Amino acid sequence: MRRKLAAGNWKMNGLKSQLAELEALAKAHPAPSVDVLLCPPVTLLAAAAQGPFCIGAQDCHPNDAGAHTGDISAQMLRDSGAEAVIVGHSERREDHGEHSDIVRAKARAAQAVGLTAIVCMGESLVQREAQNTLDIIGGQLAGSIPDNATAENLVVAYEPIWAIGTGLVPSLAQIGEVHDFIRARLERRFGAGVGRGVRVLYGGSVKPDNASEIFSVPNVDGALVGGASLKAADFSPIISALETS
Ligand code: PGA
C-alpha cells in the first residue's frame, strides 16, 4: 500500500563533479520499482533536477521571502525543481538550535508550496540509555508535524542521533519498536487513512550490507541514507535491497 522510498542525503558534500554519481545511478536503475529521491546541496539542486530522479533539499526557511540573508525558501526550492525537503535533521537541530516548533513551521511552509516534508526525529545515546526513546520521539512527532499532514505531503524519518555516521545501528527489535510507535501515533492523530499512508523511513548508518535486514522490519518503508548515498556503487545496492524487500 505504501510505495517504498530510498532517499539520499548528501549533506554538505558534492561539487559539480558529483553529478556523475547520479548519472551512474540512473544507468544502474533505469526504471526503479521504488521511489528514489536524492537531496544534494542546494548548489546542485537545479542541475540534479534535470536528471531522472526526484530531487529534494535539506532545509528551508519558514517564510516565503524577505530579509533573511543566506536562507532559502520552500518556494525557491520548488522553483529550482525540488519535490521534497528534509526538515528537522538532528544536525540542524544541534548545529542551528532548531526546535520542534521551527521544524513544524518549516514543514508547513514546504507543504504549502507542494513539497513533501521529510520530518526527521531521533534520540541521543543518553536518552536511549535512560530509556526515554519513545518519550522523545513522541514529543518530536507531536511538535514537529503540522496538522494538515497527508500521505503525500509528509514522510517521517526515524534517525537515532547515535547511529548517524557512526556505523552503529539499533537492533532490528529497537528499530521495529520505534517504527510501530510512530505508526500508532500517526494513526491516532491523523486517522487510519493518513496514518497508514505516511511513509516512515529509517536513517543512521544504512549500508549495502545491512539494508536488507533493516528493510525486513515491519513499518520500515525505506531509508534516509547519508554517507552511503554519495557513491552510486553504495547507493545502488541499497535501492536494489529495497526493491526486493
Ligand atoms: P548516515 O546519515 O547514513 O551517514 O549515517 C544518515 C542521515 O543523517 O540522514
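Above: the structure in question.
Residues numbered from 1 in each chain as written. Predicted model: local features only at pLDDT ≥ 70, side-chain atom pairs only at ≥ 80, totals over all residues. Heavy atoms only, no water.

Asker: Summarise the side chain of histidine 179; cite the residues concerned and give the values.
Answerer: On the secondary structure map, histidine 179 appears in helix α8 (residues 172–197). When residues no more than four places from it in sequence are discounted, the contact partners of histidine 179 are Tyr158, Val200, Leu201, Tyr202, Pro218, Asn219 and Val220. (Helix = DSSP H or I, 4+ residues; strand = E, 2+ residues; numbered from the N terminus. Contact = heavy atoms within 4.5 Å.)

Asker: An account of the sheet that holds strand β5 (residues 116–121) is requested, with residue identities and associated values reported.
Answerer: With respect to topology, eight strands assemble into a closed barrel ordered β1-β2-β3-β4-β5-β6-β7-β8, the strand pairing being parallel. Looking at each pair of strands side by side, their axes are set apart by 25° on average, direction ignored. In the sheet, strand β1 (residues 5–9) pairs with strand β2 (residues 35–39) via five bridges, with the strands oriented parallel. Residue pairing in the sheet places glycine 8 in a bridge with leucine 38 of β2. In the packing of α8 onto the sheet, contacts are made with β6 (154–158) and β7 (199–203), and the angle to β7 comes to roughly 160°. (Pairing = 2+ DSSP bridges. Axes fitted to C-alpha atoms, helices over the stretch in contact; angles between N-to-C directions.)

Asker: An account of the site of the ligand is needed here, citing residue identities and associated values.
Answerer: Looking at the ligand, there are 13 residues lining it, with Lys11, His89, Glu159, Gly165 and Ser205 nearest. Glycine 165 has a polar backbone atom sitting 2.7 Å from an oxygen atom of the ligand. Interatomic distance of 2.8 Å between a backbone N/O atom of serine 205 and an oxygen atom of the ligand. Contact with the protein chains hides 97% of the accessible area of the ligand, taken as 280 Å² for the molecule alone. Classifying every residue of the shell around the ligand gives four nonpolar, seven polar and two charged. (Near = heavy atom within 4 Å. Polar contact = N/O pair within 3.5 Å; in protein donor to acceptor, adjacent residues only side chain to side chain. Areas by Shrake-Rupley, 256 points an atom, 1.4 Å probe, with all protein chains shown as cover. Nonpolar A, V, L, I, M, F, W, Y, C, P; charged D, E, K, R; others polar.)

Function-wise, these values are silent; they only describe arrangement.
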